[in-house]
Amino acid sequence: MSRVWVWAEVGPDGPSPAALELLTKARDLGDEVAAVALGPGATAAAAELGAHGASTVFAGDDEPFRDVLARPAAIALHGLIAEHVPDLLLFPSTYDARDVAGRVQAMTGSALMAGAVDVPAIDRARTQIAGGSLFVDVALEGPAPHLVLVRPKSFTAEPADGAVDVRTVEIAAPAEVPAARRVERHREAAAGPKLEEAKVVISGGRGLQDPANFRLLDELAAAIGDAAVGASRAVVDAGWIPYSHQVGQTGKTVKPEVYLAVGISGALQHVVGMKGAKRVVAINKDPDAPIFRLADLGIVGDALTVLPALIAEVRARTGS
Amino acid sequence: MDISVLVKSIPDPGGDTVLGDDFLVRRAGDGTLDPGDEFAVEAALQLAEASDGEVIVITMGPEGAAAAVRRALSMGAHRAVVVTDDALRGADALATARVLAAALRHGPFDLVLAGVESTDGYTGTVPMTVAELLDLPSATFAKRLEIVDGVARIQRQTEDGYDVVECPLPAVVTLTAGATEPRYPTLKGIMGAKQKPLETLGLSDLGLTAADVAPTQRVVGVEPAPEKAAGQVVPADDTSAARIADLLADAKVL
């Protein structure tokens, strides 16, 4: 009998895509699959979590689960772990989930593996190192549950076969402890499709030379249509473009039909966020840039010369 | 206010590393201060300077890790603690957190700062595990940090913007790259760093045993990922735009 649980993040629009991806994998691994969803919207999300394989959903709708960072969720999750002793707990690689997993590890003394791209068994996790060129398999030992943070889009979400009977168990927020609290939320408005959903992602790096040149990427994205603009960590750290555009280890993971890397060298940090793209086009002045090793088509030259010509070409072909 | 900064020594990006039969990475030469930690060191220095406080940098690692804290000392930190012990070879995230928490218990602090994750390991959970072990609140992914009326006020990075988060002290706060502009050590700072207290501790000094830091995870295999077929890499010319557009059309996205 193996018990596999999924830490399911929920919002006003239902469960996060990652929760459904992880549940789909959990069905392969566990005889008994449950989801833990804490935050407003949790109970409403239970049916969809159930449809993806959770036979039990531990759901807590209390606001502190959303507004207070990590501690209430970790305390509640630890209580459930102590009571039911799952073998494996899968988390998405989000900021909030990392915080909760790190705290739970202190309470359980369990193994914690981050950056997993596969979970071959309840005591195994696989990750990638060296720019994705090596797979590393790690055996997880010590007290249950093993805690594994899985990279986005490592699995494809599919509903379970047949009708699933979901049991919802209500979880209340624990008594208050000193903790950090969200007092304001700021969303950066973005035009066009979301980075994770666009068919084409056009990312810029240092090779663009000046923040103003990101305008060229915006123009190309608009000409293509279903395209979004991403960025390397270097230019985000330099303040050229907001963090929400960052693709890579510490940013978003994208798997578009075509990924255009413009003036990006291809550091490991970046590559792990885009190596799942079906096709890669790279434009870079440096013929030795590691990004060219991933490229289906590599153009060695100045992006600022190639981009205007490409925008004109795409506009001519699409009539946009 | 007194601030402890958790830092990591990582292999010199320019140095040679070799993967041993035990899957541990052997590194040539001394480590270097993880560049991701410099933002936290800088934030600590600014807060301490404004309040006449002290900055202590704490690291765990092999003996060469002292080079990393020396860099922080030359930036202006007041003293350093290096925890090094043979039993810590191959230590995992939990062992690291237990050691750092034990080192923090040694000295008073108002605030603990750290980077969000190491540049060589990327686990990104150790500061929260430390916070839990010390029963402290935490605020992570801060792209801005200020202390207002004894409360840490943070702009916390989110997937689509940022949240303003308020956290009572003492607390553990992690800072993103770019949160501050780390200063370069001055020559005076580099010379002065050699005179600053650098304490080296072993596990037993922290009241820990080898059993407390026994790894719960073990690398059991490494294999090459399937190689992608080599693509075409060509110099830019008049046909570049058309070639890229052809690829887009072929992928049915035009």
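What counts and how
- Within each chain, residue numbers correspond to sequence positions counted from 1 in written order.
- Naming scheme: in the order in which they are written, chains are lettered from A and ligands are numbered from 1.
- Confidence filtering applies because this is a predicted model: local features only for residues at pLDDT of at least 70, side-chain atom pairs given and counted only at 80 or more, and all residues used for totals across whole chains, interfaces and linings.
- Only DSSP runs of H or I covering at least 4 residues are called helices, and only runs of E covering at least 2 are called strands; the numbering of each starts at the N terminus.
- Using C-alpha atoms as the atom set, the radius of gyration is obtained and then compared with a globule rule of 2.2 Å times the number of residues to the power 0.38.
- We call a residue exposed when 12 or fewer other C-beta atoms sit within 10 Å of its C-beta, buried when the count reaches 20 or more, and partly exposed for counts in between; the C-beta positions come from the backbone.
- Whether two residues are in contact is decided by their C-beta atoms, placed from the backbone, lying within 7 Å.
- Ten residues, namely Ala, Val, Leu, Ile, Met, Phe, Trp, Tyr, Cys and Pro, are considered nonpolar, four, namely Asp, Glu, Lys and Arg, are considered charged, and the remaining ones, Gly among them, are considered polar.
- Paired strands, in this sense, are two strands between which DSSP finds at least two bridges.
- To obtain an axis, a line is fitted to C-alpha atoms, over the contacting stretch when the element is a helix, and the angle between two such axes runs from 0 to 180 degrees between their N-to-C directions.

A.B. asks: Explain the overall build of chain A to me, using residue names and the numbers behind them.
C.D. replies: Secondary structure summary: chain A contains nine helices and 17 strands in total. Taking 320 residues into account, the globule formula puts the C-alpha radius of gyration at 20 Å, and chain A, at 21 Å, falls close to it. Taken over the C-alpha atoms alone, chain A extends approximately 65 × 40 × 40 Å along its principal axes. Per-residue burial over chain A gives 55% buried out of 320 residues. Sequence separation of at least 24 residues holds for 67% of the intrachain contacts in chain A that already meet a minimum separation of 6.

A.B. asks: Go over the overall build of chain B, please, and point to the residues and values.
C.D. replies: When its secondary structure is counted, chain B shows six helices and 15 strands. Taken over the C-alpha atoms alone, chain B extends approximately 65 × 45 × 40 Å along its principal axes. Taking all 254 residues of chain B together, the buried fraction comes to 48%. Partitioning the intrachain contacts of chain B with sequence separation of at least 6 by distance along the chain shows that 70% fall at a separation of at least 24.

A.B. asks: How would you sum up the interface of chain B and chain A? Please name residues and give values.
C.D. replies: Taken together, the contacts link 58 residues of chain B with 75 residues of chain A. Of all the secondary-structure elements, those providing two or more residues to the side of chain B that touches chain A are α3 (93-105), α4 (126-133), β9 (138-148), β11 (161-168), β14 (217-224), β15 (232-235) and α6 (240-250) of chain B. Here the side of chain B that touches chain A is built from residues that sort into 34 nonpolar, 15 polar and nine charged. Across seven bridges, the pairing between strand β9 (residues 134-140) of chain A and β14(B) is antiparallel. Counted as the bridge partner of V136(A) is V222(B) from β14(B).

A.B. asks: Help me get a handle on the sheet that holds strand β7 (residues 79-83) of chain B, residues and values and all.
C.D. replies: The strand order across the open sheet formed by ten strands is β12(A)-β11(B)-β10(B)-β9(B)-β12(B)-β8(B)-β1(B)-β6(B)-β7(B)-β13(B), and the pairing between neighbours is mixed. The sheet is open, and its two edges are formed by β12 (181-187) of chain A together with β13 (198-201) of chain B, each paired on a single side. Neighbouring strand axes in the sheet, compared pairwise and without regard to direction, differ in orientation by 30° on average. Pairing between strand β1 (residues 3-6) of chain B and strand β8 (residues 111-115) of chain B: four bridges, direction parallel. Of the residues in β8(B), the one forming a bridge with I3(B) is L111(B). Relative to the sheet, helix α2 (residues 66-75) of chain B contacts β1, β6 (55-60), β7 and β13 of chain B, its axis offset from that of β7(B) by approximately 165°. With respect to the sheet, α3(B) is in contact with β1, β6, β7, β8 and β13 of chain B, its orientation differing from that of β6(B) by roughly 150°.

A.B. asks: Residue-level account of the sheet that holds strand β14 (residues 227-231) of chain A, with values.
C.D. replies: With parallel pairing, six strands are arranged side by side in an open sheet as β14(A)-β13(A)-β15(A)-β16(A)-β17(A)-β15(B). Among the strands making up the open sheet, the edge pair consists of β14 of chain A together with β15 of chain B. When strand polarity is set aside, the average angle formed by the axes of neighbouring strands in this sheet is 15°. Where strand β16 (residues 279-284) of chain A meets strand β17 (residues 297-300) of chain A, four bridges bridge the pair, whose relative direction is parallel. Across the sheet, the residue bridging to I283(A) is I299(A), located in β17(A). Helix-sheet contacts for helix α6 (residues 214-224) of chain A involve β13 (200-204), β14 and β15 (258-262) of chain A, and the interaxial angle to β14(A) is about 155°. Helix-sheet contacts for α6(B) involve β15, β16 and β17 of chain A, and the interaxial angle to β17(A) is about 160°.

Functional significance is not addressed by these values, which are geometric in nature.
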